[in-house]
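Structural features, examined
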Amino acid sequence: MLDSLSEWILAAGIVTLIAYVIGTWTHNHFYKMNVYHLKPIPFFGNMAPVVLGRLSFADFINDLYKRLEGHKYGGLYEFLNPVIMIRDPELIKLVTIKDFEFFLDHRNPFSEEIDPLLGKGLFNLKGQKWKDMRSTLSPAFTSSKMKTMFTLITECGEQLGDFLKTCIKDKNMPVEGCKIEREGDVLVVEMKDLFTRYTNDVIATSAFGIGCDSLKKPKNEFYEMGRDVTNFGGLRSLIFFGLMLSPKLMKLLNLKLMSNYAVNFFRSLVHDTMATREAKDIYRPDMIHLLMQAKKETVHPNGIEGKTPKPKWDADDLTAQAVNFFFAGFDAVSTLLCFASHLLATHPDVQSRLQKEIDETLEKDGGKLTYEAVHGMKYLDMVVSETLRLYPPAVATDRKCIKTYTIKCDPSCTLKPGQGIWIPVYGLHHDPKYFPNPEKFDPERFSDENKDSIKQGTYLPFGSGPRNCIGNRFTLMEAKIALVHLLTRFNLKVVSKTPIPIQITRRGFNMTVDGGFWLGIEQRAT
């Protein structure tokens, strides 16, 4: 009996030792490099607070940033993967701009074979392939293209305002599928649901050339698909953690973030749209048109007259870019609008000042909203910029070292190819050294008098350098149009269901709040 028990204890001890070795085998990486780092725990590394739901991802990034205070950079462990977090703005500028060729790529956990529409998206492409696709897509976001798409987006903004006006006026109007309640003459609206319908319609018309009207047709397939593929909570968050822990294992297990149904939906949508336009000779200055142009390009092995050979894109290469645009537009813009609306409702003085600017601007233009007017509203830009500081849709960004690189500061550190880099956007945005009283909503930080004093490398809502968000101007225009159409006709109010203070969810990676963004909407006095 004792011998049997001893054997079990010995076996358990051996298993525990093996598990410990497996769970810590990389955790001496920074010790050997003589780099200051945060102490990891087996398997989790430094990820336990966010994996176990103790902190939201935003607060987790901020916590790591604070724990590395006093150091320009430091080490941490993303499970078993050693990662360098860069805190110093000058180092951030070096990595993302000046020495960009050493940090050309993002750390892409998605397999092009298993998750092709994610793995082949612009954000995840690497090296020359990224350069080629970035060049292909850049014409879609020039000022001339923005002006062309402005009319399409404005129509979506008008639909948004008309829908809310009808809901207020007709108290018996059914709002099936939309999260809307009533308190007298005030609509109580879940703003995330409202704004994702708006952003869904913007993407549908400006990228895919189709009309949805997701407010009047709340169950349309395009919207339902968008809501599904941009949800990174529940099981999908576990898969994402698995991709961070071991992409090779997830590939072996054939676990992916996008379902086959979603992949086939987007493939059919893009391919059918292209086929219809080619057959009927339809032209629209949108992303689908650019992808069609890219598809027509052919590869010439030796180039033509000394010119660089054009890349040849397959069907999934092109579809992935449309999906990449969909991801960014559907969730990121609606998130920005939700936080902006919440901040305006809880700061009525700011809301009144912004409404005054909008009213005066529209009056000058005879009540018509123009491209120039939207971009000329300085206080609107200040409000949006401060919202992005407080609640950036991407709380961190990353880079991967592709060539041996030495961080030349005290202490110096030589990075090898494959080394991951984290840039703590949320931590920088909430550092009192760069933004005094950082938790305060203060649009004046971005006034003409003050914005030049913001230290470069500390405000990064769209990333930094050549790999910044290609659609940042589109995002800002889309958000500003929605706010103008909303505030010119309505007031945003705090109601009993409004979450105060606001708490970022601890479930998943989405920048949102538990229970929803509930606000009251009432029609302005004429």
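As shown above, the structure is provided for reference.
Numbers given for residues are sequential positions, taken from 1 along each chain in its written order. Totals for whole chains, interfaces and linings use every residue, but because this is a predicted model, local features are given only for residues with pLDDT of at least 70 and side-chain atom pairs only at 80 or more, for both listing and counting. Side-chain measures were taken over the full set of non-hydrogen atoms in the model, leaving aside hydrogen atoms and water.

All right, on to the overall build of the protein then. A count of helical and extended segments in the protein gives 20 helices and 10 strands. The quantity called the radius of gyration is restricted to C-alpha atoms. Its globule counterpart is 2.2 Å times the number of residues to the power 0.38. Relative to the globule expectation of 24 Å for 526 residues, the C-alpha radius of gyration of the protein, 25 Å, shows essentially globular dimensions. Expressed along its principal axes, the backbone C-alpha trace of the protein runs to roughly 85 × 65 × 55 Å. To sort residues, take the accessible area from a 1.4 Å probe on protein chains only and compare it with the maximum for the residue type: under 20% means buried, over 50% means exposed, and anything in between is partly exposed. Of all 526 residues assigned to the protein, the portion counted as buried reaches 54%. Here a helix means four or more residues in a row that DSSP labels H or I, a strand means two or more in a row labelled E, and each is numbered from the N terminus.

With that settled, consider the side chain of Asp99. As for its position among the elements, Asp99 is in the loop between helix H5 (89-98) and helix H6 (116-119). When charges are counted, neither His nor the chain ends are considered; positive counts come from Lys and Arg and negative counts from Asp and Glu. Here a salt bridge means any side-chain nitrogen of Lys or Arg lying within 4 Å of a carboxyl oxygen belonging to Asp or Glu. One buried charge, Asp99, has no salt-bridge partner; the nearest side chain with opposite charge is Lys98, at 5.8 Å. Two N or O atoms form a polar contact when they lie within 3.5 Å of each other; inside protein one atom must be a possible hydrogen donor and the other a possible acceptor, and for residues adjacent in sequence the pair counts only when both atoms belong to side chains. At 2.5 Å, the side chain of Asp99 forms a polar contact with the side chain of Tyr405. The contact definition used throughout considers only heavy atoms, calling two residues in contact when any of these lie within 4.5 Å. Discounting chain neighbours no more than four positions away, the residues touching Asp99 are Leu94 and Tyr405.

When DSSP finds two or more bridges between two strands, those strands count as paired. The sheet built from 4 strands is open, its strands ordered E3-E4-E10-E9 with antiparallel pairing. Unpaired on one side and paired on the other, strand E3 (180-183) and strand E9 (490-493) mark the two borders of the sheet. This sheet shows a mean twist of 30° between the axes of neighbouring strands, independent of strand direction. Of the pairings in the sheet, the one linking E9 to strand E10 (residues 518-523) comprises 4 bridges and is antiparallel in character. Looking at the pairing, Asn491 lines up with Glu522 of E10. Sitting on the sheet, helix H8 (residues 143-169) touches E3, strand E4 (186-190), E9 and E10, and the angle it makes with E10 is about 80°. Sheet contacts for helix H20 (residues 472-487): E9 and E10; angle to E9, the most-contacted strand, approximately 100°. The axes are straight lines fitted to the C-alpha atoms, using for helices just the contacting stretch, and the angles between their N-to-C directions are given from 0 to 180°.

This brings us to the environment of Cys401. Note that Cys401 resides in the loop between strand E5 (397-400) and strand E6 (405-407). Residues Cys401 and Asp442, 41 residues apart in the sequence, show an inter-C-alpha distance of 37 Å. Those residues in contact with Cys401 that lie beyond four places of it in its chain are Phe102, Phe103, Leu415, Lys416, Pro417, Gly418 and Gln419.

Below, the discussion takes up the packing of helix H16 (residues 348-364) against helix H18 (residues 378-390). Direction vectors running N to C along H16 and H18 enclose 140°, while the axes themselves pass 8 Å from each other. The residues of H18 that touch H16, namely those facing Val350, Arg353, Leu354 and Glu357, are Lys378, Tyr379, Leu380 and Val383. Polar here means any residue outside two lists: the nonpolar Ala, Val, Leu, Ile, Met, Phe, Trp, Tyr, Cys and Pro, and the charged Asp, Glu, Lys and Arg; Gly therefore counts as polar. Residue composition of the contact of H16 with H18, grouped by class: 5 nonpolar, no polar and 3 charged.

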